[in-house]
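Examination of the molecular architecture
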Amino acid sequence: MTILWIGLFAGTLDITDNLIFNQLRGITPKMVFHYIASGLVGARAFRGGLASVALGVAIHYTIALTWTGVFYAASRKLTILSRRPVASGLVYGGAIYVYMNFIVLPLSGVPHPRSTVTIASRVNGVLALLLFIGLPVSLLIRRYASERHH
(Lines give C-alpha, C1' and ligand atoms only; values in the text may rest on other atoms or scores of the structure.)
Protein backbone atom coordinates (compact mmCIF):
# COMPACT_ATOMS: atom_id res chain seq x y z
CA MET A 1 0.00 0.00 0.00
CA THR A 2 2.89 2.33 0.81
CA ILE A 3 4.45 1.80 -2.62
CA LEU A 4 1.09 2.64 -4.18
CA TRP A 5 0.73 5.96 -2.33
CA ILE A 6 4.36 6.98 -2.79
CA GLY A 7 4.22 6.09 -6.50
CA LEU A 8 0.97 8.00 -6.99
CA PHE A 9 2.37 11.02 -5.15
CA ALA A 10 5.65 11.07 -7.12
CA GLY A 11 3.85 10.35 -10.39
CA THR A 12 1.51 13.27 -9.73
CA LEU A 13 4.42 15.62 -9.02
CA ASP A 14 6.14 14.49 -12.21
CA ILE A 15 3.12 14.75 -14.50
CA THR A 16 2.16 18.13 -13.02
CA ASP A 17 5.59 19.47 -13.95
CA ASN A 18 5.28 17.91 -17.39
CA LEU A 19 1.84 19.38 -18.03
CA ILE A 20 2.84 22.88 -16.86
CA PHE A 21 6.13 22.86 -18.80
CA ASN A 22 4.43 21.67 -21.97
CA GLN A 23 1.49 24.07 -21.62
CA LEU A 24 4.05 26.89 -21.69
CA ARG A 25 5.24 25.45 -25.02
CA GLY A 26 1.70 25.29 -26.42
CA ILE A 27 1.32 21.54 -25.88
CA THR A 28 -2.01 20.57 -24.32
CA PRO A 29 -2.50 17.91 -21.62
CA LYS A 30 -4.36 15.80 -24.18
CA MET A 31 -1.32 15.91 -26.46
CA VAL A 32 1.00 14.95 -23.57
CA PHE A 33 -1.07 11.88 -22.71
CA HIS A 34 -1.43 10.93 -26.38
CA TYR A 35 2.36 11.08 -26.62
CA ILE A 36 2.73 8.83 -23.58
CA ALA A 37 0.18 6.38 -25.02
CA SER A 38 2.06 6.35 -28.33
CA GLY A 39 4.90 4.58 -26.58
CA LEU A 40 2.68 1.51 -26.47
CA VAL A 41 0.38 1.86 -29.49
CA GLY A 42 2.37 4.09 -31.84
CA ALA A 43 1.00 6.96 -33.92
CA ARG A 44 -2.60 5.76 -33.68
CA ALA A 45 -2.59 7.11 -30.09
CA PHE A 46 -2.86 10.61 -31.54
CA ARG A 47 -6.19 9.66 -33.15
CA GLY A 48 -7.50 7.77 -30.12
CA GLY A 49 -9.31 10.56 -28.31
CA LEU A 50 -10.13 10.09 -24.64
CA ALA A 51 -9.27 6.38 -24.76
CA SER A 52 -5.69 7.32 -25.65
CA VAL A 53 -5.64 9.99 -22.93
CA ALA A 54 -6.74 7.35 -20.39
CA LEU A 55 -4.11 4.95 -21.70
CA GLY A 56 -1.46 7.66 -21.37
CA VAL A 57 -2.49 8.35 -17.77
CA ALA A 58 -2.43 4.61 -16.96
CA ILE A 59 0.99 4.16 -18.56
CA HIS A 60 2.41 7.19 -16.75
CA TYR A 61 1.28 5.98 -13.33
CA THR A 62 2.30 2.38 -14.05
CA ILE A 63 5.81 3.60 -14.80
CA ALA A 64 5.89 5.76 -11.64
CA LEU A 65 4.67 2.85 -9.52
CA THR A 66 7.22 0.51 -11.11
CA TRP A 67 10.12 2.87 -10.38
CA THR A 68 8.83 3.27 -6.82
CA GLY A 69 8.69 -0.50 -6.38
CA VAL A 70 12.18 -0.94 -7.80
CA PHE A 71 13.61 1.62 -5.37
CA TYR A 72 11.73 0.07 -2.46
CA ALA A 73 13.08 -3.40 -3.29
CA ALA A 74 16.61 -2.06 -3.76
CA SER A 75 16.44 -0.16 -0.46
CA ARG A 76 15.71 -3.43 1.35
CA LYS A 77 18.96 -4.90 0.01
CA LEU A 78 21.19 -1.81 -0.09
CA THR A 79 20.96 0.03 3.22
CA ILE A 80 22.97 2.96 1.81
CA LEU A 81 19.81 3.98 -0.07
CA SER A 82 17.99 4.56 3.21
CA ARG A 83 20.99 5.99 5.06
CA ARG A 84 21.63 8.59 2.35
CA PRO A 85 18.16 9.32 0.97
CA VAL A 86 18.92 12.69 -0.65
CA ALA A 87 21.99 11.52 -2.56
CA SER A 88 20.49 8.15 -3.44
CA GLY A 89 17.21 9.74 -4.55
CA LEU A 90 18.99 12.22 -6.80
CA VAL A 91 21.20 9.50 -8.30
CA TYR A 92 18.15 7.29 -8.77
CA GLY A 93 16.27 10.08 -10.53
CA GLY A 94 19.25 10.60 -12.83
CA ALA A 95 19.43 6.88 -13.58
CA ILE A 96 15.72 6.84 -14.38
CA TYR A 97 16.19 9.77 -16.77
CA VAL A 98 19.02 8.00 -18.62
CA TYR A 99 17.15 4.69 -18.78
CA MET A 100 13.84 6.17 -19.92
CA ASN A 101 15.27 8.64 -22.45
CA PHE A 102 18.08 6.64 -23.96
CA ILE A 103 16.76 3.07 -23.75
CA VAL A 104 12.96 2.95 -23.30
CA LEU A 105 11.88 5.86 -25.52
CA PRO A 106 14.05 4.89 -28.52
CA LEU A 107 12.65 1.35 -28.35
CA SER A 108 9.04 2.48 -27.92
CA GLY A 109 6.47 3.55 -30.48
CA VAL A 110 6.74 7.29 -29.73
CA PRO A 111 7.59 9.58 -32.63
CA HIS A 112 11.21 10.68 -32.52
CA PRO A 113 11.44 14.15 -34.08
CA ARG A 114 14.73 15.74 -33.03
CA SER A 115 13.22 19.23 -33.21
CA THR A 116 11.18 18.68 -30.02
CA VAL A 117 14.28 18.00 -27.92
CA THR A 118 15.55 21.36 -26.71
CA ILE A 119 18.00 22.28 -23.99
CA ALA A 120 15.06 23.53 -21.92
CA SER A 121 13.16 20.25 -22.36
CA ARG A 122 16.26 18.23 -21.41
CA VAL A 123 16.93 20.35 -18.32
CA ASN A 124 13.28 20.19 -17.28
CA GLY A 125 13.19 16.44 -17.87
CA VAL A 126 16.29 15.82 -15.77
CA LEU A 127 15.18 18.11 -12.94
CA ALA A 128 11.69 16.59 -12.92
CA LEU A 129 13.03 13.08 -12.45
CA LEU A 130 15.58 14.19 -9.86
CA LEU A 131 13.20 16.34 -7.81
CA PHE A 132 9.77 14.81 -8.44
CA ILE A 133 10.50 11.10 -8.73
CA GLY A 134 13.92 10.16 -7.31
CA LEU A 135 14.00 12.47 -4.29
CA PRO A 136 10.42 12.06 -3.00
CA VAL A 137 10.47 8.30 -3.58
CA SER A 138 13.72 7.98 -1.65
CA LEU A 139 12.68 10.28 1.21
CA LEU A 140 9.22 8.78 1.59
CA ILE A 141 10.45 5.20 1.46
CA ARG A 142 13.07 6.04 4.09
CA ARG A 143 10.39 7.59 6.27
CA TYR A 144 8.14 4.57 5.84
CA ALA A 145 10.99 2.14 6.55
CA SER A 146 12.06 3.99 9.71
CA GLU A 147 8.45 4.12 11.00
CA ARG A 148 8.09 0.39 10.38
CA HIS A 149 11.22 -0.46 12.33
CA HIS A 150 10.35 1.66 15.40
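Everything numeric here is computed off the predicted structure, so don't read it as measured data. (Residues numbered from 1 in each chain as written. Predicted model: local features only at pLDDT ≥ 70, side-chain atom pairs only at ≥ 80, totals over all residues. Heavy atoms only, no water.)

1. With respect to the packing of helix 3 (residues 49-77) against helix 5 (residues 85-107)
The contact between helix 3 and helix 5 brings their axes to 12 Å, and the two run at 130 degrees. The pairing of helix 3 with helix 5 is recorded here as oblique in orientation. Taken as a pair, helix 3 and helix 5 cross one another with a handedness that is right-handed. Taken together, the residues of helix 5 that come into contact with helix 3 (itself represented by Ile63, Trp67, Val70 and Phe71) are Ser88, Tyr92, Ile96, Tyr99 and Met100. (Axes fitted to C-alpha atoms, helices over the stretch in contact; angles between N-to-C directions. Helix = DSSP H or I, 4+ residues; strand = E, 2+ residues; numbered from the N terminus. Parallel < 35°, antiparallel > 145°, perpendicular 65-115°, else oblique. Left-handed = near helix turned anticlockwise from the far one by under 90°. Contact = heavy atoms within 4.5 Å.)

2. Examining the environment of glycine 49
As for its placement among the helices and strands, glycine 49 is situated in helix 3. Judged by its relative accessible area of 23%, glycine 49 is partly exposed. In this structure the C-alpha to C-alpha distance between glycine 49 and tryptophan 67, which are 18 residues apart in sequence, comes to 28 Å. (Buried < 20%, exposed > 50% of the residue type's maximum accessible area, 1.4 Å probe, protein only.)

3. Thoughts on the packing of aromatic side chains
Here the structure, examined in full by the defined rule, presents 5 aromatic pairs. Geometrically, the ring pair formed by tryptophan 67 and tyrosine 92 is edge-to-face, given 5.9 Å between the ring centres and 75 degrees between the ring planes. A residue pair is termed long-range when its members are at least 10 positions apart, and tryptophan 67 in helix 3 and tyrosine 92 in helix 5 qualify at 25 residues. Given the relative accessible area of 16%, tryptophan 67 is considered buried. Taken together through their ring pairs, the aromatic side chains of Trp67, Phe71, Tyr92 and Tyr99 make up a single cluster. When the ring centre of tyrosine 72 is taken as reference, the NZ or CZ atom of arginine 76 above it lies at 4.3 Å. (Phe/Tyr/Trp six-rings, centres within 6.5 Å; stacked < 30°, edge-to-face > 60°. Lys NZ or Arg CZ within 6 Å of the ring centre and 35° of its normal.)

4. Details of the nonpolar core
Phe71, Ile96, Ile133, Val137 and Ile141 are the most contacted members of the largest nonpolar core, which has 14 residues in total. Among the secondary structure elements, those contributing two or more residues to this core are helix 1 (2-24), helix 3, helix 5 and helix 6 (119-148). In this structure, Ile15, Val32, Phe33 and Tyr61 belong to the second largest nonpolar core, which totals 8 residues. (Core = buried A, V, L, I, M, F, W, Y, C linked by side-chain atoms within 4.5 Å.)

5. Considerations on the side chain of aspartate 17
Secondary-structure assignment places aspartate 17 in helix 1. For the buried aspartate 17, no salt bridge exists, and the shortest N-O distance to an oppositely charged side chain is 9.8 Å, to arginine 25. With residues near it in sequence (within four places) discarded, aspartate 17 still touches Asn124, Ala128 and Phe132. (Lys, Arg positive; Asp, Glu negative; His and termini not counted. Salt bridge = Lys/Arg side-chain N within 4 Å of Asp/Glu carboxyl O.)

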